[in-house]
Structures are given as structure tokens and as C-alpha cells.
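Summary of structural features
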Amino acid sequence: MNYLSTRGHPDRKRFCEILLEGLAPDGGLYLPEQYPQVDTATLAKWRALPYAELAFEILSLYIDDIPAADLKAICAKTYTADVFGTDEIVPLRELEDGVYLEALSNGPTLAFKDMAMQLLGNLFEYELARRGSELNILGATSGDTGSAAEYAMRGKKGVRVFMTSPDGRMSPFQQAQMFSLQDANIHNIAITGVFDDCQDIVKAVSNDLAFKRKYRIGTVNSINWARLLAQVVYYFAGYFQATASNDKPVSFTVPSGNFGNVCAGHVARMMGLPIRTLVVATNENDVLDEFFRTGVYRVRVAADTHETSSPSMDISKASNFERFVFDLVGRDAARLRQLFVDDLGLNGSFDLSADPAFAQAAGRFGFRSGRSTHADRLATIRDTDKRFATLVDPHTADGLKAAREQLEPGVPMVVLETALPIKFAATLVEALGEEPARPKKFEGIEALPKRVVKLPADAEAVKAYIAENCD
Ligand SMILES: *Cc1c(COP(=O)(O)O)cnc(C)c1O
């Protein structure tokens, strides 16, 4: 399998070459040259497989530069009941007639990002050992991504993590999750500033090419193809649990921010999984909902990006969206460049409303969208608790709200549960008047010793810290 750039760069790459890379050299995103097709016989065979074996089968279609036995071992080591809490790994439960919740957040940090990040940790360790190389992951986080990356990379050989976060601005639970890690290869850096300062620092360090090369700086952000690929697996697993045979369509609703999660659903659908509809659910930061309603993609400025009670979806632009638009415009790289380089660069928006391709987003590609407000999420949390005695987090509540608007008789609707309620306890208290129960392993973590350094919002200070801690 070869990978190309959405922006038309002539080079073709193999999986392990793009594993440790971010963007393609022309600023595009990597995609496979074609989507492998899965026929009914294969679906029938896969239906009975345990999660780790299903992951191996799907990954093998995209990864041909890791020996099969090694890839199989990596999948088996990643997707265990020990790490994810159940043998099913992503258990499905019916909430009400035709509406299901697929649990993706029973991994180490209680959010769906563990599903991909845990695999990435093992793939990185494997590939770095094979190359005799090292990687220093530099990141910025306001919550879920940073902790998922740290729990995936802790104790991994050849990898160090330097994770910046805005000092004092994460929830006490999120801080405790990250700062209580005592592993020598995990470095928490609290920046006196806001999340944007952290992102600016990461950009400044990455733009210093000499420093970047010398210290082998890399990232684990959501545009990484391996992360997306790992997420394809749970669409298959959800489908098999929601149906008894492979001729039944199923719809999915996905609480969305950077379009990574739902883009994996798009890939699964392109492979031939009988997905009827993919519902993109957004919060007040509705750049994606606006596109699917109107055909206009309008990136927001910082002042127009709201801080909401579903903070992991508070985005100004959706970094994986370019992958889908590439397919939407018939994989025409020149057209894609016009939209994402020329139009976005010049106007901060592009308009496909008059382009025949736009009708295909709903038609051929099965996309719908919806949005929720804070009040909608509180109402959904209350209603779900009252009618089904089930607690959902605000991101999942957003998904449930959008899902109910798109139900079709006879088509199961699977809502992806992207985090556990305990991660967003303040909103649960606002909705229900009490804190959600906490999984045992997280009891009292706020009291554990913390490993974190505080630095000013200054890229030079962060560089000096990285240099000091790299030998
Ligand atoms: C990251 C995240 C999302 C958004 O996922 P994308 O892949 O960025 O669309 C939704 N919910 C939770 C809890 C998350 O952590």
C-alpha cells in the first residue's frame, strides 16, 4: 500500500515512512492511494473475531512494511481487557429502541483517544527500535490529547514526551491524571499562559529546523494517519455488535472536533462497511455543521471560538477535514489546493454550495450533521439519567442529541461515547447536582505527588528544558 498527499506531491510513501511524520512535505495530509475493498465473505469472517484480531486484519490491508507476525503481536499487546476494561474492548449497549452507545472510553485516560494512541505508542516503540532511533514528542494540550499521549508513551523505549499545558487551566482531575505520572520519559510542562501560548511554542520550536533535527522533535497530533487507521477498527466492531448479519445498514453519530474520529468512519464506509449515515455532531463551534448544511467551510478566528462544556470539540478549524474534501472533489489535488491553499489562505473560507460535488457529501458519502448548545447537553444528560439510568459526558450528550434528529426506522443508530462523565464532573454536577462515580483506579489521584515544571510562555525556555533532558 502506498500513500499520497492530498495536495498532489509526486512522492509515494509506505506506512512506516509516514508513521513518524506529520504533514506531507507540501503541507497536505497522507491518504492511501486507494481504499481496500472488503467483500461480504470477508465481513462474515471478521464478524466472529476478537477485537485485537479484527484490528490486525484491518491494519494489514494498509500496512505492508511490518512483518505480519510482528503486527499481530502489536495488536494483541495493545487491545487487551486489562487496558480497556472488557473483552469486547468497545462494548455496545442499547439505550432505547434503535439507539446504541458504543463505549470507546474505557482505556487508561477515559476518552476515545486511547483507542488510537495506545496503538501508536506500541508502533512507535517498534519502529524506533528497528531504526535504532529516538523521538521526542512535543505537544500542547488542554486535556484529552495530552493525557492519552502520555499514557500511551510512558515507559516506551526511544520515546520522550514533552507536553505543554496552560498552567492552572485544566480540571483538577485532568491535571492529576497527567502530573501524577512518574515515568522518567514523561515531562509535564505547565506554561504560564493560555492554550494558544502552548500551541505557539510548539509551532516555534518545530519551525526551528536545526533544533528540530538535532533533538528529533515529533508530534502525535490528530492528522497522523496511524491514529486514524486505528479508529477505523471500532466502526467495524460497532457494526458487528449492532447487527446479526452483514446485509443490514447501520448509522453512526460522532461527536466531532478535528474530524479525525468521523473521518475514520468515512474510511470504513469507503471500504464497503454497510454504513448508511455518518452524523457529524458539533457543539457551538459549528464550522463542520455549517459546511454540511450550506456547503460553506468558514474557519473561525480565535475570538470566534467558544469555550464550551464539551471542550474537546472547541475547534476553529477541523484539521482532518481536508482528507474528506479530497475524496469529495474526486481526488483532484489541483482543486483541493485551490480550496485549502488559495481560498482558505485568502478568505479564510471556501464555498462549494454551487459545486455538484457538494450534493455528494450527503448523497454518495452519507454525511449529515447537527449541533448542540450547552442547554441541549444539560437536558440530554438529565434525560438520559432519568429515563435510562445512564450517565453520559457532555461530548456524548452532544452526539445523542444530534443522533435523535437523524433516526430512521429500522436502521440502528450507534452513538460513539467519546469520554466518561467523570472527566467532566463540573458539567455533570451542573446537570444533576452530584458528581459521577469514579473508577476505582482514579480514586484519590489528586493527592498523589506531581511531576511538573513551570515555565514562562517562551519557546527558548522550552527548548532549553528539552535540551537539558535529552541525554
Ligand atoms: C478529541 C475528542 C473529540 C473530537 O474528536 P475529533 O477526532 O477531533 O473529531 C470528541 N470528544 C472527546 C471526548 C474528545 O476527546
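Note that the structure is a prediction, hence the values are computed from the model and not measured.

Sheet strands associate in pairs through backbone hydrogen bonding, adopting either a parallel or an antiparallel arrangement. An order of 3-4-14-9-10-13 is seen for the 6 strands of this open sheet, with the pairing classed as mixed. In this open sheet, the two edge strands, each paired with only one partner strand, are strand 3 (92–96) and strand 13 (367–371). Taken over all neighbouring pairs, the strand axes of this sheet differ in orientation by 25 degrees on average, direction set aside. Bridge count for strand 4 (residues 99–103) against strand 14 (residues 413–417) is 5 bridges, and the pairing is parallel. The partner of Val 99 across the bridge, within strand 14, is Met 413.

Moving on, we come to the pattern of salt bridges. Applying the stated rule across the entire model yields 30 salt bridges. Across the salt bridge formed by Lys 463 and Asp 208, the nearest N and O atoms sit 2.7 Å from each other. Residue Lys 463 is located in helix 20 (residues 459–468), and its partner Asp 208 is located in the loop between helix 9 (195–207) and helix 10 (209–214); the two are separated by 255 residues in the primary sequence. On the basis of relative accessibility, which here comes to 11%, the residue Lys 463 falls in the buried class. Taking relative accessible area as the criterion, Asp 208 reaches 25% and is therefore assigned partly exposed.

Those places that UniProt annotates as "domain: Tryptophan synthase beta chain-like PALP" (unreviewed entry) correspond, in this numbering, to residues 92–332. The distance separating the terminal C-alpha atoms of residues 92–332 is 38 Å; by composition the span is 42% helix and 21% strand.

Looking now at the packing of helix 6 (residues 113–131) against helix 11 (residues 225–242). Between helix 6 and helix 11, whose axes approach to 8 Å, the crossing angle comes to 125 degrees. Comparing the axis directions of helix 6 and helix 11 gives the class oblique. The crossing of helix 6 and helix 11 is right-handed. Residue-level inspection shows Lys 113, Met 115, Ala 116, Met 117, Leu 119, Leu 120 and Leu 123 of helix 6 in contact with helix 11, the latter providing Ala 226, Arg 227, Ala 230, Gln 231 and Tyr 234. Across the contact of helix 6 with helix 11, the residue classes break down as 9 nonpolar, 1 polar and 2 charged.

The sites that carry the UniProt feature "modified residue: N6-(pyridoxal phosphate)lysine" (unreviewed entry) are, in the present numbering, Lys 113. With respect to the helices, strands and loops of the structure, Lys 113 is situated in helix 6. Given the relative accessible area of 13%, Lys 113 is considered buried. Those residues in contact with Lys 113, other than ones at most four positions away along the chain, are Asp 144, Thr 145, Ala 148 and Arg 227.

Below, the discussion takes up the site of the ligand. Around the ligand, the surrounding shell holds 15 residues, and the nearest of these are Lys 113, Asp 144, Gly 257, Asn 258 and Asn 261. One nitrogen or oxygen atom from the side chain of Asp 144 is found 2.6 Å from an oxygen atom belonging to the ligand. The backbone of Gly 260 places a nitrogen or oxygen atom 3.2 Å from an oxygen atom of the ligand. When isolated, the ligand has an accessible area of 390 Å², and the protein chains bury 97% of it. Taken together, the residues that form the shell around the ligand break down as 5 nonpolar, 8 polar and 2 charged.

Criteria and cut-off values
- Residues numbered from 1 in each chain as written.
- Predicted model: local features only at pLDDT ≥ 70, side-chain atom pairs only at ≥ 80, totals over all residues.
- Heavy atoms only, no water.
- Pairing = 2+ DSSP bridges.
- Helix = DSSP H or I, 4+ residues; strand = E, 2+ residues; numbered from the N terminus.
- Axes fitted to C-alpha atoms, helices over the stretch in contact; angles between N-to-C directions.
- Salt bridge = Lys/Arg side-chain N within 4 Å of Asp/Glu carboxyl O.
- Buried < 20%, exposed > 50% of the residue type's maximum accessible area, 1.4 Å probe, protein only.
- UniProt positions renumbered as here; feature names shortened; annotations may be inferred.
- Parallel < 35°, antiparallel > 145°, perpendicular 65-115°, else oblique.
- Left-handed = near helix turned anticlockwise from the far one by under 90°.
- Contact = heavy atoms within 4.5 Å.
- Nonpolar A, V, L, I, M, F, W, Y, C, P; charged D, E, K, R; others polar.
- Near = heavy atom within 4 Å.
- Polar contact = N/O pair within 3.5 Å; in protein donor to acceptor, adjacent residues only side chain to side chain.
- Areas by Shrake-Rupley, 256 points an atom, 1.4 Å probe, with all protein chains shown as cover.

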